[in-house]
Amino acid sequence: MGHYQFALLFFKKALAIRQSALSEVHMDTALLYNNIGACHDMLDQVTEALESFLKAKDVFVYEFGFVHPRTSTVMRNLERIRSRKLDFKIGFVERKPTLCPKVLASKGKTKTKKGKKGGKKKKK
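The text that follows walks through the structure, step by step, so that each part is easy to find. (Residues numbered from 1 in each chain as written. Predicted model: local features only at pLDDT ≥ 70, side-chain atom pairs only at ≥ 80, totals over all residues. Heavy atoms only, no water.)

What to know about the overall build of the protein
- Secondary structure assignment for the protein yields five helices and zero strands.
- The N-to-C order of helical and strand elements in the protein reads α-α-α-α-α.
- Evaluated residue by residue, the protein yields a buried proportion of 21% over its 124 residues.
- Considering only contacts within the protein whose residues lie at least 6 apart along the sequence, 57% involve residues at least 24 apart. (Helix = DSSP H or I, 4+ residues; strand = E, 2+ residues; numbered from the N terminus. Buried < 20%, exposed > 50% of the residue type's maximum accessible area, 1.4 Å probe, protein only. Contact = heavy atoms within 4.5 Å.)

Right under this line is the structure:
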């Protein structure tokens, strides 16, 4: 695991350099996103890996299209990540039911009508 964390550190440094030198939408930047996603995948950080792979996929599809080998590699990585279990825990907290407006209106107050809308107009 130590090697992946070390690689991730250097990939992130290289990403910062390439983003400033090239751009966000460049094939070299997308390669780094793919490598960062692979490191996150090996470290069982699924949500971070998913974000990196999605960025890489967007750039590769924009640059090369869907039939390029690099695009298909990122798509395989995405499918592998999506088939895995996500790394967050869902907790449920018991809460009081929300009162509906009728119950709120009938508590202590009675609803009174103030008049008809759209009724017949009086003749002058």
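On we go from here.
Let's talk about the packing of helix H1 (residues 2-21) against helix H2 (residues 27-42)
- The geometry of H1 relative to H2 is characterised by a closest axis approach of 9 Å and an angle of 160° between their N-to-C directions. One finds that H1 runs roughly antiparallel with respect to H2. With respect to the hand of their crossing, H1 and H2 are arranged in left-handed fashion. Counted together, Tyr-4, Ala-7, Leu-8, Phe-11, Lys-12, Ala-14, Leu-15, Arg-18 and Gln-19 of H1 and Asp-28, Thr-29, Leu-32, Tyr-33, Asn-35, Ile-36, Cys-39, His-40 and Met-42 of H2 form the full contact between these two elements.
- Looking at the contact of H1 with H2 residue by residue, the classes come out as eleven nonpolar, four polar and three charged. (Axes fitted to C-alpha atoms, helices over the stretch in contact; angles between N-to-C directions. Parallel < 35°, antiparallel > 145°, perpendicular 65-115°, else oblique. Left-handed = near helix turned anticlockwise from the far one by under 90°. Nonpolar A, V, L, I, M, F, W, Y, C, P; charged D, E, K, R; others polar.)

Description of the packing of aromatic side chains
- Tallied over the full model, the rule gives two aromatic pairs.
- When the centroid spacing of 4.9 Å and the interplanar angle of 80° are considered together, the rings of Phe-6 and Phe-10 count as edge-to-face. In this pair, Phe-6 and Phe-10 both sit in helix H1, four residues apart, roughly one turn of the helix.
- Ring centres 5.9 Å apart and planes at 25° place the aromatic pair Phe-60 and Phe-64 in the stacked group.
- In this structure Phe-64 comes out as partly exposed when scored by relative accessible area, which is 29%. (Phe/Tyr/Trp six-rings, centres within 6.5 Å; stacked < 30°, edge-to-face > 60°.)

Structural notes on the side chain of Asn-77
- As for its placement among the helices and strands, Asn-77 is situated in helix H4 (residues 69-83).
- The exposure class of Asn-77 is buried, given its relative accessible area of 11%.
- Among all residues touching Asn-77, those that are not within four sequence positions of it are Asn-34 and Phe-53.

Side note on the pattern of salt bridges
- One pass over the full model with this rule turns up two salt bridges.
- Linking Arg-80 and Asp-41 is a salt bridge whose minimum nitrogen-to-oxygen distance equals 2.7 Å. Here the residue Arg-80 occupies a position in helix H4, and Asp-41 occupies one in helix H2, the gap between them amounting to 39 residues.
- The class for Asp-41 is buried, based on a relative accessible area of 7%.
- For Arg-82, the salt bridge identified is with Glu-79, shortest N-O distance 3.8 Å. Taken together, the positions of Arg-82 and Glu-79, both in helix H4 and three residues apart, correspond to about one turn of that helix. (Salt bridge = Lys/Arg side-chain N within 4 Å of Asp/Glu carboxyl O.)

Overview of the packing of helix H3 (residues 46-63) against H4
- Closest axis-to-axis distance for the H3/H4 pair is 9 Å, and the angle between their directions is 155°. In terms of orientation, H3 and H4 fall into the roughly antiparallel class. Pair H3 / H4 crosses with left-handed handedness. Residues Val-46, Ala-49, Leu-50, Phe-53, Leu-54, Ala-56, Lys-57, Phe-60 and Val-61 of H3 lie in contact with H4, whose contacting residues are Arg-70, Thr-71, Val-74, Met-75, Asn-77, Leu-78, Ile-81 and Arg-82.
- Of the residues belonging to the contact of H3 with H4, the class tally is twelve nonpolar, two polar and three charged.

Everything listed here is a matter of geometry and, on its own, says nothing about what the molecule does.
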